[in-house]
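Spelled out from the first residue to the last, the chains are:
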Amino acid sequence: MNRLWAGFASAVVVSLAVPSLAYANSNPPGLLSSLTAPMTRLLGLSGAGPGSAANHTSNSNLARSGLEMKPLSKMVSSLPALNSTAPTPSALNLSHLRTNPSSQSTPSNPAVPNSTPQNSGTQASASKWTPEPAKYGIVEQSNVPIRMSDGTVLMADVYRPANLSTGQAAAGKFPVILTQTPYRKSGPLTIQGGDGYYPYLIKRGYINAIVDVRGTGSSQGTWKFLGPREVQDGVELVNWCAHDLQGSNGKVGLAGASYLGINQLLIAGAVGKDSPLKAIFPVIAGNDLYRDTAFQGGIPDTEFSLPWLGLRAGLDMLPSDNTVNDPVGAAQVAMQHAGSLLSFDAPFLTGIETGGSASYDGTWWQQRAPRNALQNIVANGIPAFMVGGWFDLFQRGEVLNYSGLQNAWDGRSVRAPMTANQPVTGRYQLVMGPWYHLTATVGQKLQELQLEWFDTWLKNEPTGMADTPTPLHLFELGSQKWVNTNRYPMTQGQVQTYYFGPGRTGTAVSINDGSLTSSRPATMSGSDMVAWTGVTTPLGRQSEQWSMGASTYLLQMAGLPPLPNTQDDRGFEAAGLTYTTKPFPRPEVLAGPIDASIYATSTTTNAEFVVTVEDVAPNGQAYPLTSGALLGSFRTLDPSLSWRENGKLVLPYHPYTQVSEKPVVPGKITCYDIEVFPTFEEVHPGHRLRITITTSDTPHLTPTLVQTQQLAGGVYRIERTSPFPSHVNFTLASPSDFASSAVSWGPSGS
């Protein structure tokens, strides 16, 4: 069994074992369950089937972690009397619903519908809107069957507003919030909508439908990871929510986090014009899954992706929610799900490990890239409010989704950088906080933002939320404040080049302790040596980021500080090369994407470079901000898709295709342009910026067996000479260039 399969199998075992931990002390939840349930619920590991939910109660641990109990599913027994058209055990037929053909084309200059609701003239950054109090209870209907156009039956749980006096479903029509999850729709706990369940919205007049995506949970079929058929299902489900779901007023919004956010973007690009889909709210959702998360620099991300695939497979081995009521159907579903292991998981993992098509950015990945849906989202007239994090799995892609949507609205390419004088619209907004993947879904503010956004577009309330001239809301690390701006990359700054120089500077305990200066090297000689190690110090910022911030989340829930290594990189730097600036004499804001261009030789036919950017305090603490990586054989640059400011490279774009791949020539000085993911931080006076270069990033990145064979034994010489000036391009701006926000857009931390 190869390494990927060993890790995959371990994750499957864990996914089957963890649910028992979440329930071990669950009535009421004790410390163990209050800490483990958030993780298990977000991953869908706490699915317990219909009838297991409890009343809406909470204790201090639940309140702190953002958890809420789901309602008594016994209330579902009253639903058939509501209307003669209430769903029956037979599947609802959606065979007449098809994707709008117009969604298949991408107009070069789409006409944007002028459908912004009338409002009071306030701005999202200082809105006078306040959330209404809860007016309803919640009534649940479990395991509603919905037949897709190809005959496959998907299963949904539907939560409706309930009359507080009678406990029955409230009279009237309501807009619908639809979520589609691969993590099982049913379970007793929720993390403020991270799993697709929105009690905050239901209590304020929304129906909430949660559907197990094809081949997962209780739904029939085989899972194909955001494939075209799954997107088609999403289009049909939007129409079902609008036209066939009892109590719907015909308006639909999409919501959810991570996978549940990515599929929103893909579906919104496919529904066509004049769809009942009126708005989306994707949280922590990617732009380009190959570059954002699955690979970095062409190297597989095994710390997140491999356990995630294993956990996903484990979830599909759990019994269907309706096993008791329909054991024969549940057995058939189980057999179909098991087939996914052979039809998808096995060839996918094997293909990556052996250098097959899945290891390159080809058609398979392009079909699943939300970036390719952005043009159609705007053409279809669907507004989007997005939430991301500077330490999220999709750190790279979240800001690119913002710039892409704004570009599409202005008739420009979704893949271009925004320009200094480009007009913007409040129809597309992004909140980018100091969060990991797990911590981004926690906080009262997120629920209020969702309510305001959906009230704006689904209820036509005059919130003023869409009127803001600054739809980009960023948390500034360092200063620990929120700012409102409008364009990405941030056009307020200037790109400044810092060159690698000799040491020792006395500021680092690295191999070389080199300098980083604004002066180009004048000498013809000068270099630093580093060997490929295959391993680095674990438990640092990278390890935490690519494990979704799991330990930080659990420590926050327990009222404890984060792990020390996530706040200080000095242990990580010891086995690498460092280049450090002099202390900054005045505050500067490091803003946006970063390019590190390294001239180097290798003794082998491949090379691995990992670049980390740190803020170094006067006491020596090296706070890690961001990182990037590149496998040398993928160094080919696509000039048409790379970003430059005043001729200086700031975002290198590599094709990562089999055609673009070329071996490293041993002994030849070669330029490697490394994309370092974006950040936004105020560098205080007396602080320094540092570049750390390592040759591995474990456990985050694990080269395939083919790549490992090419890397083994490699020794690299990093050049810092006049002909070969290794350097980094930072975009630096004045703090006064960014207006402080009157709104705190979410909790600080990380």
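Residues numbered from 1 in each chain as written. Predicted model: local features only at pLDDT ≥ 70, side-chain atom pairs only at ≥ 80, totals over all residues. Heavy atoms only, no water.

Comments concerning the overall build of the protein chain
In step 1: Scanning the protein chain from terminus to terminus reveals 17 helices and 29 strands.
In step 2: Out of the 750 residues in the protein chain, the part that is buried amounts to 64%.
In step 3: Here the contacts in the protein chain between residues at least 6 apart in sequence split such that 81% fall between residues at least 24 apart.
In step 4: With an accessible surface of roughly 25000 Å², the protein chain has 57% of that area assigned to carbon and sulfur atoms. (Helix = DSSP H or I, 4+ residues; strand = E, 2+ residues; numbered from the N terminus. Buried < 20%, exposed > 50% of the residue type's maximum accessible area, 1.4 Å probe, protein only. Contact = heavy atoms within 4.5 Å. Areas by Shrake-Rupley, 256 points an atom, 1.4 Å probe, with all protein chains shown as cover.)

Concerning helix α9 (residues 327-353)
In step 1: Taking 1.5 Å per residue, 27 residues should reach 39 Å; α9 reaches 38 Å between its end C-alpha atoms and fits that length.
In step 2: At D345, α9 shows its largest kink, close to 35°, and the proline P347 lies no more than four residues downstream.
In step 3: Positive backbone phi, approximately 80°, marks G355, located one or two places after α9. (Expected span 1.5 Å × (residues − 1). Bend = angle between axes of the 7 residues up to and from the residue.)

Points about unusual backbone geometry
In step 1: Here the amide bond leading from Y488 into P489 is cis, since omega sits at 0°, within 30 degrees of zero.
In step 2: Tracing the sequence through the fold places P489 in the loop between β15 (481-485) and β16 (494-503).
In step 3: With an omega dihedral of 5°, the bond running from T698 to P699 counts as a cis peptide bond.
In step 4: You can see P699 is positioned in the loop between β26 (688-694) and α17 (705-711).
In step 5: Backbone geometry at Q480 places phi at a positive 60°, although glycine is not the residue there.
In step 6: With respect to the helices and strands, Q480 occurs in the loop between β14 (472-476) and β15.
In step 7: For Q480, a relative accessible area of 46% translates into the label partly exposed.
In step 8: Despite not being glycine, L539 shows a phi value in the positive range, around 70°.

Some remarks on the pattern of salt bridges
In step 1: Tallying each qualifying case throughout the model produces 21 salt bridges.
In step 2: In this structure, D150 engages R229 in a salt bridge whose closest nitrogen and oxygen atoms are separated by 3.9 Å. Residue D150 is located in the loop between β3 (137-147) and β4 (153-162), and its partner R229 is located in helix α5 (residues 228-243); the two are separated by 79 residues in the primary sequence.
In step 3: The shortest N-O distance in the salt bridge between E675 and R396 comes to 2.8 Å. With E675 in strand β25 (residues 670-683) and R396 in helix α12 (residues 395-409), this pair connects stretches of sequence that are 279 residues apart.
In step 4: Residues joined by salt bridges that share partners form a network here, namely D150, R214, R229, D233 and E236. (Salt bridge = Lys/Arg side-chain N within 4 Å of Asp/Glu carboxyl O.)

Quick word on the packing of helix α8 (residues 302-315) against α9
In step 1: Running from amino to carboxyl end, α8 crosses α9 at an angle of 170°, the nearest separation of the two axes being 12 Å. Of the possible angle classes, the one that applies to α8 and α9 is roughly antiparallel. Regarding α8 and α9, the two cross each other, and that crossing is left-handed. Contact residues: L306, L309 and A313 in α8; L341, F344, D345, F348 and L349 in α9.
In step 2: Residue composition of the contact of α8 with α9, by class: seven nonpolar, no polar and one charged. (Axes fitted to C-alpha atoms, helices over the stretch in contact; angles between N-to-C directions. Parallel < 35°, antiparallel > 145°, perpendicular 65-115°, else oblique. Left-handed = near helix turned anticlockwise from the far one by under 90°. Nonpolar A, V, L, I, M, F, W, Y, C, P; charged D, E, K, R; others polar.)

Overview of the environment of K128
In step 1: Along the polypeptide, K128 turns up in the loop between β2 (92-93) and β3.
In step 2: Along the sequence, K128 and P462 sit 334 residues apart, while their C-alpha atoms lie 9.9 Å from each other.

Some thoughts on helix α6 (residues 259-268)
Because the α-helix completes a turn every 3.6 residues, residues three or four places apart line up on one side.
In step 1: Here α6 lies mainly inside the structure; 10 of its 10 residues are buried.
In step 2: Those residues of α6 not exposed but buried are Y259, L260, G261, I262, N263, Q264, L265, L266, I267 and A268.

Overview of the packing of aromatic side chains
In step 1: All chains considered together, the criterion is met by 39 aromatic pairs.
In step 2: Seen from their ring centres, Y360 and F634 are 6.1 Å apart, and the 75° between their planes marks the pair as edge-to-face. In this pair, Y360 sits in the loop between α9 and α10 (363-367) while F634 sits in the loop between β22 (622-631) and β23 (643-645), placing the two residues 274 residues apart along the sequence.
In step 3: Judged by relative accessible area, Y360 falls into the buried class, the value being 11%. (Phe/Tyr/Trp six-rings, centres within 6.5 Å; stacked < 30°, edge-to-face > 60°.)

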